[in-house]
Structure formats: structure tokens, C-alpha cells
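Residues per chain, in single letters:
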Amino acid sequence: MPGRRESKDLSLKAVSKIRGWLDNCLEKHPSCPRHGTPELPRRVLDVGINNLPIRLHQSQNNERASYASLSYCWGGQQQLITTTSNISDHMVALPCGLPQTILDAIEVCQKVGIRYLWVDSLCIVQNDDSDKLDQVAKMGLIYKNSTVTIVAASAEKVTDGFLSNGKSNKPTAQLPIFVNNSTFGTVYLRTEHLDHIYSSDEPIFKRAWTFQELLLSPRAIIFDSYQIILKCLEQHYQPVFETYLSFEFDCGNLPVSVFGLVDENIASRKDESREDYIIRTQDRIWGLIINEYSQRDLTHVDDRLPALAGVAAELAKAWNDIYLAGFWAKTIVQHLGWYHSMHPESIKQSIENIECIKTFGAPSWSWVTTPYSVHIHEVRQTDAKFLGSTIQLISQTSPFGGVKSASISLKARVLKVSDLDLTLNFHDWPSRPYDNNIGLDFKDHKPKLDNCRLIYLGEGRGGNGIFVAVEKFRGGVFRRIGYAQLGKPLLSGQEQRWMSLLSLTRRETIAIE
């Protein structure tokens, strides 16, 4: 009943409901990938049968079995990892004293009836660069193919565990209830605004690496601070036991084609409208992904591309598009008008003394260059044209990971900043129409106006002009320095100077690094 008190005890009744949901999802849900025995990752934990010890299992070629994957926060340096020196011992038996989060995940597997569990710290050889690079590149597939993902949402670090750290919302009031001499109890009253649990409140949803783990999981068991949530493509987020609480996750789902399903909205359309629908959907989904993902914390800022590589790899196949260091070739013009959100809650406190010229594993034009949360300003009618790109990857085995360098070429109308009455500022919020400001990406960089240009991307809401601000460096190379949104006049018959200059400007080819 909706008034039931919250609980995340792994009771017999809870386990029965989880098993029933999982079986039903695998066999009957039309919107979820059907039951199939997945190929095991390179290594998994064998959680034990017939009282055998828990050990690391080296999978054979094409070995297939159901397995769960664990999504959790490391919370700093790990006490126990698999290395080249202990892997042989781990394959005989894991040592006693495993971190509590891993022990809790093992308990879930054993009770639900899944023999194998994938945990990155133990299933990847952490001091073997080759193994690490290869397995990190396959993490998206590991979560996508797993029978279910166990999400330790409430644990800030691996030693916390997630089964015994439940919280309860203190009731506003509690009243005794008397039915008869043998039936009595307590009624708990709570105010209405306490009925939502937001994903951003849980530790795991503040970390960037865990973002793709949930997004790519067709099924997940989420242990938040209050209850157990079951997530699949058919039912979205449903509690094991219905209570007054609900769970909200800000980012939507990936296209169903990622999970091998047919999108009826695409299949029913003719060729031209189908392509238009795909691009509009792609524009919306990727904008949501950038917004949610960029708010999350990373220990190393240059992990921004690698930590999203699994999602990018799957979307490249679903969208039949080329990935460009955080953008897509079909929608890059719509998304180049990104800007940083400097709301106090979104500032990455752990990152200080940012070097504005450093690329953090990405080029200046990509949103991953800034360590702040990012929003996309919608370009409703594009004017610039994307011509091509040159991308130099850090590793050819990780085509969706970090890049050494990258440049793009646009065919666009370009204005000189010195011809306009504009100023350069580092904004706490993005530049607004009519404020005559260019919002800089970094606070400490003060470019010369004579070297600055505005590249017109197209028309935004209300007819405002959306621009990327660039600076000319040595050798005639342009680099992004910021963003501008210039407004149309409030009175009809008037014309802003930028509009007048734009109407007289021809498109030219411009390269940005």
C-alpha cells in the first residue's frame, strides 16, 4: 500500500518478488530484451555453489552463462584489487575480508540465483595496462549484456555496503491506532514534499563512471538509501514494495535499438521522415546525456571521454553516426553552442587552478574541456555546415575514448568581435540576449578583442543568434574561448548591429582545434 514504510531488507518476500520480476522481464516484457544466455566477460567472480569458496573465474572462449554486474563507488584507493602478482591466488579463492559492498553484491547473487558476478576492481588486472585498456573499452558491453546490474546507490565507498545502511524519513507525526483487543498499531504521517527520492541525492549518481553503467543496463536492482528499486525498459523504476516514496532519475533511456529491439516510431515512418525523426531524437537524447553526465564528479578530468565511451560505442551503431570527442557528426552544429553552468552546487570543488589552454584529452571546441557542468543551447535552425574533422586517438583500441588532438572544419558566417560593441566576461551563468557579453569558458584567460571571432551557428529560441567565440592563435589556428547568445531587437523595425553585419557576411571555411 502507498503508505507502507520504506525498507530495503533482503527478506524472503523481497527476494521472491525480485526473482519473479526478473523471470517475467526476461520472458514476457515486450519492451525488454528477451532471455538469452550472454557470453561471459573475460573474468567474473564465481560466487560459489555447494559451499565452494568464492573465486575469480577465467572464462573460456565463447563461454556463456547468466551473470550480474556491480555498479558502485570505489571511494578512493582499493584495499583489494586483482594484479599480476595475485591473480593466480584469486582464481583459487578470494581472500577473507572482502569489502562490504562486494560482499553484499555476492549475497544478492546467491539469493537471487545468479552464479557469476562482474566487479571491475577484481575482474580487471589493475596493474596490466593492456588488460585495463581492453576491458575498460568493453565495459559498456559488459553492463549491456549482463542479466542484471546490482546498483549500490547508497554506498559512498566500497567498504560501506548497501544492505545494512538503510535510512528512514522521520515522520511528521505518529498516532496509535486501535482496531480491537488483538489488532493495534501505529499510523505514521508525513508531509507530501517528502515523497520523492532523487537520484542526485545518492552517492553513486554523483560519479561520472557510474552513469553509463545504469544507462546501458537493460535491467537493474537499485539499492538506494531507503528501498529496493527494480528498473527495466518496460517498467522503468518500480519499488519492490510500494511505499509513499518514488524514485526519479533525470536522464531518459537510450534508443531501444541499442538493446536489439525495434523502434516502432522509426519502423512506421517513410525514409525522409524517418531520418528527420532519428536526428531530432538524437539531438534530444544527446543533449540530455551531456547535461546529466557533465554534472558528475571525476577524480581525473581527462577521464571525461573514457567514462562515456561505452554509451558512445552503442549509440554509434544505433545512430549510424561518427563520434567526435563528445559530439556526433549529424548534430554537432546544434550542440557546439554549449555553455558552462556555474551554479554553486555544480562547481567541481576538487578541481582548482585550471589551465585554460589545457585540453584535458579533448579539443577546445568540445564540452569535455571544461570541468564544469554543461548545458546545450538549442539551435532550432542551423546556419553553419559541418565539413569534416581530424581526430587523433590516444589508443586505436579505444575509438570512443580519449583523443590526443582533434580539429573540425565548418562552413559558416564569421563576425569580428571588434566590429561589435561586446565585452568578454566569465559568467556565473551563460550570457543572455541583450547583455552584449561573450561568456568565456575559463576565468583566467583574457583574449585580445582583435583576435576574436564569432562563428554563427544558427537561430535559437525567439530568433536569438547562437555563436561560438573563437580566438586566433599562432599559425592562424582558431580555438574556442566561449559562447554568445545575441538577441533580436525588442521593437519591430529595429535591427541589431550583429544582424546587419551578418546579412552582409558570406560563409567561409574555418578550422577550430
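The structure under discussion appears in the preceding block.
Everything numeric here is computed off the predicted structure, so don't read it as measured data.

Engineer: Teacher, can you tell me more about the overall build of the protein here?
Structural biologist: Check the secondary structure of the protein and you find 12 helices and 26 strands. Residues counted as buried form 52% of the 513 residues belonging to the protein. Surface accessibility of the protein: about 24,500 Å² in total, with carbon and sulfur atoms responsible for 47%.

Engineer: Before we go on, may I ask you to explain a nonpolar patch on the surface in this structure?
Structural biologist: Taken together, the side chains of Leu175, Ile177, Val179 and Val187 present a nonpolar region at the surface, about 320 Å² in accessible area. With 3 residues, the top contributor of residues to the nonpolar patch is strand S6 (residues 173–180).

Engineer: Would you mind showing me how to read the environment of Thr369 here?
Structural biologist: Structurally, the position occupied by Thr369 is in the loop between strand S15 (338–341) and strand S16 (373–376). For the pair Thr369 and Val301, spaced 68 residues apart in sequence, the C-alpha to C-alpha distance is 8.5 Å.

Engineer: What is the right way to read the packing of aromatic side chains from this model?
Structural biologist: Each aromatic ring pair is summarised here by two numbers: the centre-to-centre distance and the angle between the ring planes. Taken as a whole, this structure holds 14 aromatic pairs when the rule is applied. Between Tyr323 and Phe400 the ring centres are 5.8 Å apart and the planes differ by 50 degrees, which places this aromatic pair in the tilted class. In this pair, Tyr323 is assigned in strand S13 (residues 323–324) and Phe400 in the loop between strand S18 (385–393) and strand S19 (403–412), connecting sequence segments 77 residues apart. For the pair Tyr323 and Phe400, one class covers both residues: buried. Seen from their ring centres, Tyr456 and Phe467 are 5.2 Å apart, and the 50 degrees between their planes marks the pair as tilted. Here Tyr456 is found in strand S23 (residues 452–459), whereas its partner Phe467 is found in strand S24 (residues 465–472), with 11 residues between them in sequence.

Engineer: Help me understand the pattern of salt bridges in this model?
Structural biologist: Between side chains of opposite charge, a pair can form as their charged atoms come close. One pass over the structure, following the stated rule, counts 16 salt bridges. In this structure, Arg507 engages Asp383 in a salt bridge whose closest nitrogen and oxygen atoms are separated by 2.6 Å. Of the two residues, Arg507 sits in the loop between helix H12 (497–503) and strand S26 (508–512) while Asp383 sits in the loop between strand S17 (381–382) and S18, which places them 124 residues apart along the sequence. Owing to a relative accessible area of 11%, Asp383 belongs among the buried residues under this scheme.

Engineer: Mind showing me how you'd approach the environment of Phe162 here?
Structural biologist: Inspection of the secondary structure assignment puts Phe162 in the loop between strand S5 (148–151) and S6. Expressed as a C-alpha distance, the spacing of Phe162 and Lys8, which sit 154 residues apart in the sequence, is 9.1 Å. If sequence neighbours within four positions are ignored, Phe162 has contacts with Lys8, Thr101, Asp104, Ala105, Val108, Ile150, Ala152, Ser154 and Phe223.

Engineer: Any chance you could explain the side chain of Thr210 here in plain terms?
Structural biologist: Within the element layout of this structure, Thr210 appears in the loop between strand S8 (196–198) and helix H7 (211–215). A relative accessible area of 6% places Thr210 in the buried class. Other than its neighbours up to four places away in sequence, Thr210 contacts Ser71, Tyr72, Ile204 and Arg296.

Engineer: Would you take a moment to explain the nonpolar core for this structure?
Structural biologist: Nonpolar side chains in soluble globular proteins tend to be buried together. Membership of the largest hydrophobic core comes to 112 residues, with the highest contact counts inside it found for Leu117, Ile150, Trp286, Ile289 and Trp365. It is helix H1 (residues 12–27) that provides the largest number of residues to this core, a total of 7 residues. When residues no more than four places from it in sequence are discounted, the contact partners of Trp365 are Leu324, Ala325, Phe327, Ile332, Leu336, Trp338, Ala406, Ser407, Ile408, Arg480, Ile512 and Glu513.

Engineer: Got a minute to help me understand helix H10 (residues 309–319) in this structure?
Structural biologist: An α-helical turn contains 3.6 residues, so any two residues separated by three or four positions project in the same direction. Judged by how many residues are buried, H10 sits mostly within the fold: 8 of 11 residues are covered. Three or more residues of H10 are buried, namely Ala309, Gly310, Val311, Ala312, Glu314, Leu315, Ala316 and Trp319. Count one or two residues on from H10 and you reach Asn320, which has phi positive near 50 degrees.

Engineer: I keep staring at the sheet that holds S5 and nothing clicks. Help me out?
Structural biologist: To summarise the sheet geometry, strands pair through backbone hydrogen bonds and adopt either a parallel or an antiparallel arrangement. Taken together, 8 strands build an open sheet; the order of strands is S2-S1-S4-S3-S5-S9-S10-S11 and the sheet is mixed. The sheet is open, and its two edges are formed by strand S2 (55–58) and strand S11 (236–239), each paired on a single side. For this sheet, the mean inter-axis angle between neighbouring strands, taken without regard to orientation, is 30 degrees. As defined by bridge partners, strand S3 (residues 67–71) adjoins strand S4 (residues 116–118) across 3 bridges and the pair is classed as parallel. From the neighbouring strand, Ala68 faces S4, where its bridge partner is Leu117. On top of the sheet, H1 reaches S5, strand S9 (219–223) and strand S10 (228–232); it is set at about 160 degrees to S9, its chief contact.

Engineer: I'm lost on the pairing of S24 in this one. Help?
Structural biologist: For a regular strand, the rule is simple: side chains alternate between the two faces of the sheet. A large share of S24 lies buried, amounting to 7 of its 8 residues. Two strands pair when backbone bridges link them, and S23 and S24 are joined in this way by 7 bridges, in the antiparallel orientation. Paired with Ile455 across the bridge in S24 is Val468. Pairing of S24 with strand S25 (residues 478–486) involves 8 bridges; the strand directions are antiparallel. Opposite Val468, over in S25, you have Tyr483 as the bridge partner. The hairpin turn running from S24 into S25, its antiparallel successor, is 5 residues long, and Gly475 in that turn takes a positive phi close to 75 degrees.

Engineer: I'm lost on unusual backbone geometry in this one. Help?
Structural biologist: With the exception of glycine, the majority of residues adopt a negative phi angle, and the majority of peptide bonds are in the trans configuration. Phi at Asn62 is positive, roughly 60 degrees, even though this residue is not glycine. Relative to the elements of secondary structure, Asn62 occurs in the loop between S2 and S3. Overall, Asn62 belongs to the exposed group, its relative accessible area being 56%.

Conventions and cut-offs
- Residues numbered from 1 in each chain as written.
- Predicted model: local features only at pLDDT ≥ 70, side-chain atom pairs only at ≥ 80, totals over all residues.
- Heavy atoms only, no water.
- Helix = DSSP H or I, 4+ residues; strand = E, 2+ residues; numbered from the N terminus.
- Buried < 20%, exposed > 50% of the residue type's maximum accessible area, 1.4 Å probe, protein only.
- Areas by Shrake-Rupley, 256 points an atom, 1.4 Å probe, with all protein chains shown as cover.
- Patch = residues over 30% accessible without salt bridge, like charges linked within 9 Å, V, L, I, M, F, W, Y side chains within 5 Å.
- Salt bridge = Lys/Arg side-chain N within 4 Å of Asp/Glu carboxyl O.
- Phe/Tyr/Trp six-rings, centres within 6.5 Å; stacked < 30°, edge-to-face > 60°.
- Contact = heavy atoms within 4.5 Å.
- Core = buried A, V, L, I, M, F, W, Y, C linked by side-chain atoms within 4.5 Å.
- Pairing = 2+ DSSP bridges.
- Axes fitted to C-alpha atoms, helices over the stretch in contact; angles between N-to-C directions.

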